[in-house]
Amino acid sequence: MCGIFGYVGNRKDAGRIVVRGIKSLEYRGYDSWGVARMIDGDIFIEKNVGKIGGVNPESFSELSSIAIAHTRWATHGGVTKENAHPHISCDKKISVVHNGIIENYQELREELKNKGHTFTSETDTEIICHMIAENLKTSKDLPEAVRITCQRFEGRYGFLIINTETNELIAARTGSPLIVGRGEDETFIASDIPAFMEHTKTVNYIDDGEMVITDGKETRFYEINSGKEIDKRNVEITLDIEEAKKGEYEHFMLKEIMDQKDTIARAVNQDEEQIQTIANAIRDAQGTFLSACGTAGKVCMASEYFFSVVAEKHVNFTPASEFPIYHHFLVPESLLIVVSQSGETADVLEAMKVAKSKRAKVLAVVNSEGSTIDREADYTLLINAGPERAVASTKAATGQMAVMLLVAYALADKLNEGRAVLLETASMINDMLNPRYMEHVSGIAENIKEEENVYIIGKSWNYPMALESAIKIQEVSYVHAEGFAGGELKHGPIALIQKGTPCIALIGNDETKMDTLSNTIELKARGAHIIGVAPENNEVFDEWIKVPDAETAQAIVNIIPIQVLAYYLAIKRGKDPDMPRNLAKSVTVK
Ligand code: G6P
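Residues numbered from 1 in each chain as written. Predicted model: local features only at pLDDT ≥ 70, side-chain atom pairs only at ≥ 80, totals over all residues. Heavy atoms only, no water.

Asks: Can you break down the domain arrangement of the protein residue by residue, with the values?
Replies: For the protein, the domain assignment lists domain 1 (3–237), domain 2 (244–432) and domain 3 (434–582). Using only C-alpha atoms to locate each centre, domain 1 and domain 3 end up separated by 44 Å. Across the contact, four residues belong to domain 1 and four residues belong to domain 3. Area buried by domain 1 at its contact with domain 3 is led by Tyr30, Lys51 and Trp73, which between them contribute 83% of it. Seen at the junction of domain 1 and domain 3, the total is one salt bridge. Here the side of domain 1 that touches domain 3 is composed, by residue class, of two nonpolar, no polar and two charged. (Domains from an automatic or database assignment. Contact = heavy atoms within 4.5 Å. Buried area = accessible area lost by both parts, 1.4 Å probe. Salt bridge = Lys/Arg side-chain N within 4 Å of Asp/Glu carboxyl O. Nonpolar A, V, L, I, M, F, W, Y, C, P; charged D, E, K, R; others polar.)

The following block contains the structure:
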């Protein structure tokens, strides 16, 4: 949530550089944008509500060698120009952009007001620049004032400041991601690598409780509490710039759906020894917990079924925001498996913290290499799906399911069989996503685009996929959608069905097929318009979306046409599927 990006170096178009770069962090929030540049010793701020996407970088080309930029997902204070970052101290000497929430901001704000500072926004962020200015009065230098200020904060922050006295960019982090990009005589600091990927692939990861001071040439890292200087390793990243672009596609969501032609095979390409080590850790653990948020949470729910059906192993999913309540059940022999695309989700990090406080081990299944979750876990399995930019998760979700299914097979000592099932699935998905198929699903979206409600049912691993289908439809098309376990229908939800209500049934060729068909018939008897997603057609379906028979990987193939349906529903209803209202891709606040 919120993207921040700063530049300092030998180039003279810092404004243009940060505007270009921050556009690639728009997935982190797009309520408002802002830029602060130092020009001839003064800080100039431009900001506004709306998306940075439409802002022309060329209008920021004046001479400046240091600048910071922000794209906002509003937490404290509404979506207004005043609340947009950057914020600036009363003396106009220190400007800040911030990602996170300073939880004790009310108390600090009162304290600063009493000392004569004037606030111009409702944000928690604004206290950062005022407080640094206040502490500067009694500190030996600006870095010390920043350190003392940080020590007062409760909550999470990643922030960048510029000041009029030195040509230095200063950053500090606790809880929100920050990565330094090292160029030649220039330094970039951002919430995520795509912001500076076109300039450098050499990075330093900043950890919690650390700060950075850089003038572009020289970059120094310190512990916030002790002030001790620390050494950082340069890491070369392997991200492919082209993969982070839309290419021939109109939207990232469509591109990422189509990427699934090869991301399943990429996810399956795991180191055998590593998978086996993890399978052994699960076997030996006294209780394995799964935890994640949103779509990744639905992946975990599907994985409960993978582990049960394939490996006869009971594992227990809890949404990450609820996981801390379970701390009573954690012992040093417990294992927590977390699943995350971004590797930065605050609730997941919190769940890991709780597990670690009980000395339990953590396995992470993530997409973003080098992310905080990747670095803090005891074991990591990367899904290698490439950057996912659309807010609605598609290829990351199916890649995560592929890895979890593979682990379940390894746990059952059938790793080769698992790999074969998944590679066969990958090739069937490649065939499935052809232009005729897309047209067929787009036609179904056309038929239901005016509907206000859609219901989805499934059983076994198709039940979490029904829940995930509802998320996909809700978040991009704003149609009210709900998923149910088919067997639960008659205990309430069936009262919602009227003549013509679109209902989607997710079916596989497995032991649950007949039950789900019976539930579908119950819906049809109440007048529902049935869209069947299944390997075989059935007379109860009004419309049929054919999917391959993928055995234990059916959840992976069944969700893909729903992603396509959600995409076309968004387009036909005139919505932007890549940047749905009120949402952000990387949720770094609790
Ligand atoms: C947000 C995204 C979802 C994602 C969830 C968890 O809500 O919009 O697509 O599933 O966060 O994010 P993570 O990065 O941990 O998978």
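Past the structure itself, the notes keep going.
Asks: I'd like to hear about the site of the ligand, residue by residue, with values.
Replies: The immediate surroundings of the ligand are formed by 13 residues, with Thr295, Ser340, Gln341, Ser342 and Thr345 found nearest. Residue Thr295 places a main-chain N or O atom 3.0 Å away from an oxygen atom belonging to the ligand. A distance of 2.5 Å separates an oxygen atom of the ligand from a polar side-chain atom of Thr345. About the coverage of the ligand: the protein hides 90% of its 380 Å² of free accessible area. Here the residues of the shell around the ligand are counted per class, giving five nonpolar, seven polar and one charged. (Near = heavy atom within 4 Å. Polar contact = N/O pair within 3.5 Å; in protein donor to acceptor, adjacent residues only side chain to side chain. Areas by Shrake-Rupley, 256 points an atom, 1.4 Å probe, with all protein chains shown as cover.)

Asks: Mind laying out the packing of helix H11 (residues 415–432) against helix H15 (residues 554–572), listing which residues take part and the relevant values?
Replies: Between H11 and H15, whose axes approach to 10 Å, the crossing angle comes to 20°. By the angle between their axes, H11 is roughly parallel relative to H15. Two packed elements cross with a definite hand, and for H11 against H15 that hand is right-handed. Between H11 and H15, the contacting residues are Leu422, Thr425, Ile429 and Met432 on the first element and Ile556, Val557, Ile560 and Pro561 on the second. Broken down by class, the residue content of the contact of H11 with H15 amounts to seven nonpolar, one polar and no charged. (Axes fitted to C-alpha atoms, helices over the stretch in contact; angles between N-to-C directions. Helix = DSSP H or I, 4+ residues; strand = E, 2+ residues; numbered from the N terminus. Parallel < 35°, antiparallel > 145°, perpendicular 65-115°, else oblique. Left-handed = near helix turned anticlockwise from the far one by under 90°.)

Asks: Let's hear about unusual backbone geometry: which residues, and what values?
Replies: With an omega of 0°, the peptide bond running from His85 to Pro86 counts as cis. The topology assignment puts Pro86 in the loop between strand E4 (66–72) and strand E5 (87–88). You will see that Lys92, though not glycine, has its phi angle at about 60°, which is positive. The class for Lys92 is exposed, based on a relative accessible area of 52%. The backbone of Arg359 sits at a positive phi, close to 65°, despite the residue not being glycine. By the element assignment, Arg359 lies in the loop between helix H8 (346–357) and strand E19 (361–366). Owing to a relative accessible area of 62%, Arg359 belongs among the exposed residues under this scheme. (Buried < 20%, exposed > 50% of the residue type's maximum accessible area, 1.4 Å probe, protein only.)

Asks: I'd like to hear about the packing of aromatic side chains, residue by residue, with values.
Replies: Where two aromatic rings form a pair, the distance of their centres and the angle of their planes describe that pair. Considering all chains together, one arrives at 11 aromatic pairs under this definition. Note on Phe153 and Tyr157: the rings are 5.6 Å apart at their centroids and 75° apart in plane angle, and the pair reads as edge-to-face. Judged by relative accessible area, which is 3%, Tyr157 ranks as buried. Put simply, the rings of Phe5, Tyr7, Phe188 and Phe196 touch in pairs and so form one group of aromatic residues. The aromatic ring of Tyr30 is capped on one face by Lys51, whose charged end is 5.5 Å from the ring centroid. Positioned above the aromatic ring of Tyr478, the side-chain terminus of Arg581 is 3.9 Å from the ring centre. (Phe/Tyr/Trp six-rings, centres within 6.5 Å; stacked < 30°, edge-to-face > 60°. Lys NZ or Arg CZ within 6 Å of the ring centre and 35° of its normal.)

Asks: Kindly report on the pattern of salt bridges, identifying the contributing residues and their values.
Replies: This model, assessed by the stated rule, comprises 33 salt bridges. A salt bridge links Glu134 to Lys137; the shortest N-O distance between them is 3.0 Å. Owing to a relative accessible area of 61%, Lys137 belongs among the exposed residues under this scheme. Taken together, the shared-partner salt bridges in this structure form one network comprising Asp207, Glu210, Lys232 and Arg375.

Asks: Go over H11 with me, naming the residues and quoting the values.
Replies: When the terminal C-alpha atoms of H11 are compared, their 25 Å separation across 18 residues agrees well with the 26 Å that a helix rising 1.5 Å per residue should span. Looking at the buried positions of H11, the neighbouring elements they touch are helix H5 (252–268), helix H6 (272–284), helix H10 (395–411), helix H12 (435–448), strand E25 (543–546) and H15. (Expected span 1.5 Å × (residues − 1).)

Asks: Lay out the sheet that holds strand E24 (residues 529–534) with the relevant residues and their values.
Replies: Pairing is parallel in the open sheet, where five strands are placed in the order E22-E21-E23-E24-E25. Unpaired on one side and paired on the other, strand E22 (480–485) and E25 mark the two borders of the sheet. Between one strand axis and the next, the sheet turns through 20° on average, direction left out of account. In this sheet, E25 lies alongside E24 in parallel orientation, the contact comprising four bridges. When the sheet's bridge partners are listed, Gly532 is paired in E25 with Trp544. The strands that helix H14 (residues 513–525) touches are strand E21 (453–458), strand E23 (502–506) and E24; relative to E21, the one it contacts most, it runs at about 155°. (Pairing = 2+ DSSP bridges.)

Asks: Before we move on, could you go through the sheet that holds strand E18 (residues 335–340) and cite the residues and values that matter?
Replies: One key point about sheets: their strands pair by backbone hydrogen bonds, in either a parallel or an antiparallel sense. If you walk across this open sheet you meet the five strands as E17-E16-E18-E19-E20, and the pairing is parallel. The open sheet terminates on both sides in strands that have one partner only, identified here as strand E17 (316–319) and strand E20 (379–382). Averaged over all pairs of adjacent strands, the angle between their axes in this sheet comes to 20°, without regard to strand direction. Sheet topology note: the strand E16 (residues 288–292)/E18 ladder contains four bridges and is parallel. By the bridge assignment for E18, Ser291 is matched with Val338. The strands that H6 touches are E16, E18, E19 and E20; relative to E20, the one it contacts most, it runs at about 130°. Sitting on the sheet, H8 is in contact with E16, E18 and E19, with an inclination near 170° to E18.

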